[in-house]
Amino acid sequence: MRFGFKEFRKSPHSDSTEFRKRYPADISAKTGKQHFTVSVGQITEKHASAAFAKAFSKYEERCTELRQVEGATIGLASFRQPISPSAAAFPLPVINPTLAEEAIERWRISETIRAYEEIANGQVSLNPLGAEAIERSERCVMLDQYRSDLKVPEQYRSHARIPDFDDRMLAALAGQGYIIPDNHPVLRMLRTSFADAWLSVERYRDRMIRDPASVEPPSSLTRQPVTGQTSISSLASQSPTTLQELAEKWLDKNKKPAKTRSKLNRCVAMLSAHLGGNVPVESITPLQLIEFYENAVKLPARPRQHERDMTFAELVNQDIPARRCLTIQTIGNWFNILHSACNWGRKTRLIGFNPITDHKPDTSKAKQKYPTRVPTDAEISKFFTSSIYTERAKSPAWFWLPLLSMYTGARLNELGQLERSDVVWDETPYLHITTDTSEDEDHNSSSQQEKSVKNNNSKRKVPIHPRLLELGFREFWHSSNAIHLFSDLPHEELREGQTPTQDFSRNFGRYLRRLEVPRGVKFHSFRHLFTDVAEDMGVHPKVRSVLVGHGKENDLKLVLAAQMTDTYGSGYGRKSRLMFMHSEIKKVEYASLPPIKPWQKIRIHQ
């Protein structure tokens, strides 16, 4: 009990107050949900009564909504079992936007024919300066501005408004025999099409009045008959694309790394469990997404053995400690991937609109528990004077990966998946970070993990820093005939979503803790350190961007054109760009770095 209300309690995830009330038995039986929970923020006793009334009103609204649909119970153990869309709850009917757009086009043709007939029969004033003509011209300007606003992001819109726009659109669709609820999300997608159609009709009327001789009559004066009104099911797709189908098709058509596949599959599985089954994408409502975000932060990040057979509602209601729960940042990451999949589905006409747009989880106020930070000089010295660099390294990866990250700025997995063939001993030695693999037959077996990069700009060539050669990197490269540069990392038989460096990253963090290096300093800190030192040492901004995989190598052409000397040759080709990047990366030096024994003098733990 809090503030005198038994429904109020302190949130287990923050200092705010939650309203929590048990659902009636009939709703619990249908949906498997036991409690309604909503945050009321950080309130005081003075505002408790008002907050309670508002929360209780939401509770009653939610009960009314749930009684109108059929629920389904699904647990984590059933994620692999597809559920028929007919068994899932559809709060709103599924609309095929293509058919709706065809109805709008029929309306445009019908209105154009009607405009021609009215003017030809003298039913409309032909005065181009009359009040009706002026009003029509103003409406055309507003429609044109409104149509332009619909095609640009919110922050760039002029916010032109046409008060009766949606009413006119619904009436137009109804006139073609299709009745759509005024709260259906598909209307957002149809606004652009209707704005185009309405503007076309108004401009046709305007031209007919101003210069009738220059306007050709419509190609057909025969309207398509409308035989009564059909229900919204006339617009329904015969086989709407479900959440799982969309995810599978997106992953199938777009080559994505295993980690991305794993995140998307888990996101779809948990969202399906919350929604009551493998529902059509277009049936997902903003209210359902908001409720999912509120519940998802109560789910275990790594379910224990006994939790794997529990239902979604049981997982949410078991009140586990916050340290074991999913964070809103993780959920936001998952929904960024799902948003990309839905955008692809919309562009390929698998779905009519993206239900995630404008309804992603809000991560703006969330804070990382241990945000990545750049290590101090003392922390750098503590790590590089540890036994790895003075006595015996655990493996080649433990010796070389931190040094490579510090002198190239590359990401951990980019380095860990390097093959020996990715190290090119040219006039300017470089690392080729790419998704291409060796032509070796054994390497192309199905047991091998595919190489991946974060984005297209991450595919790049990074010159090898002279300090790495001084420490014996060339000798290390010659010491093995394995396909992978770091054969001590796992590259075969990896589970879904696992990368070759995943276990290394976890063990590296534990090693830093044993050295009493504070949390927040992790392997990725070396990449941050490289970018900071490169900036301090005057490395060209374009070169810094290319080296860390943010910019395109072709961006260096203009830089070379401005700084070209005989040192880099007379052209702007790849060879010249590599020489230029090599001259810049040599500027990166670490004054606080203690002396390090060369690779040849370090023993490897057997």
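Predicted model only: the values in this text are computed from it and were never measured.

What follows concerns helix α3 (residues 97-120). In a regular helix each residue adds 1.5 Å, so 24 residues correspond to 34 Å; α3 covers 34 Å between its end C-alpha atoms and thus fits that length. Buried residues of α3: P97, A100, A103, I104, W107, S110, E111, T112, I113, A115, E118 and I119, and no others.

Here we come to the pattern of salt bridges. The final tally for this structure, using the stated rule, is 11 salt bridges. Here E111 and R114 are joined by a salt bridge, their closest N and O atoms 2.7 Å apart. Note that E111 and R114 are positioned in helix α3 at a spacing of three residues, about one turn of the helix. Looking at E111, the relative accessible area reads 13%, which means it is buried. For D503, the salt bridge identified is with R506, shortest N-O distance 2.6 Å.

On to the nonpolar core. Residues F383, F384, W400, L403 and F473 are the most contacted members of the largest nonpolar core, which totals 65 residues. Setting aside residues no more than four positions away along its own chain, F383 makes contact with I388, Y389, P402, F508, Y511, L512, L515 and F526. The next biggest cluster of nonpolar side chains, apart from the first, holds 37 residues, and it includes I284, M310, L315 and I356.

Considering all chains together, one arrives at 40 aromatic pairs under this definition. Ring centres of F383 and F384 lie 4.9 Å apart, and the angle between their planes is 80 degrees; on these two criteria the pair is classed as edge-to-face. Across this residue pair, the class does not change: F383 and F384 are buried. The lysine or arginine in question, K394, covers the ring of W398, its NZ or CZ lying 4.3 Å from the ring centre.

The sheet built from three strands is open, its strands ordered β5-β6-β7 with antiparallel pairing. Edge positions in the open sheet fall to β5 (423-424) and β7 (460-463), since each of these has one partner strand only. Pairing analysis gives two bridges linking β5 to strand β6 (residues 430-433), with the strands arranged antiparallel. Paired with V423 across the bridge in β6 is L431.

The next thing to look at is the environment of D26. As for its placement among the helices and strands, D26 is situated in helix α1 (residues 25-31). Residues D26 and L66, 40 residues apart in the sequence, show an inter-C-alpha distance of 9.9 Å.

Conventions and cut-offs
Residues numbered from 1 in each chain as written. Predicted model: local features only at pLDDT ≥ 70, side-chain atom pairs only at ≥ 80, totals over all residues. Heavy atoms only, no water. Helix = DSSP H or I, 4+ residues; strand = E, 2+ residues; numbered from the N terminus. Expected span 1.5 Å × (residues − 1). Buried < 20%, exposed > 50% of the residue type's maximum accessible area, 1.4 Å probe, protein only. Salt bridge = Lys/Arg side-chain N within 4 Å of Asp/Glu carboxyl O. Core = buried A, V, L, I, M, F, W, Y, C linked by side-chain atoms within 4.5 Å. Contact = heavy atoms within 4.5 Å. Phe/Tyr/Trp six-rings, centres within 6.5 Å; stacked < 30°, edge-to-face > 60°. Lys NZ or Arg CZ within 6 Å of the ring centre and 35° of its normal. Pairing = 2+ DSSP bridges.

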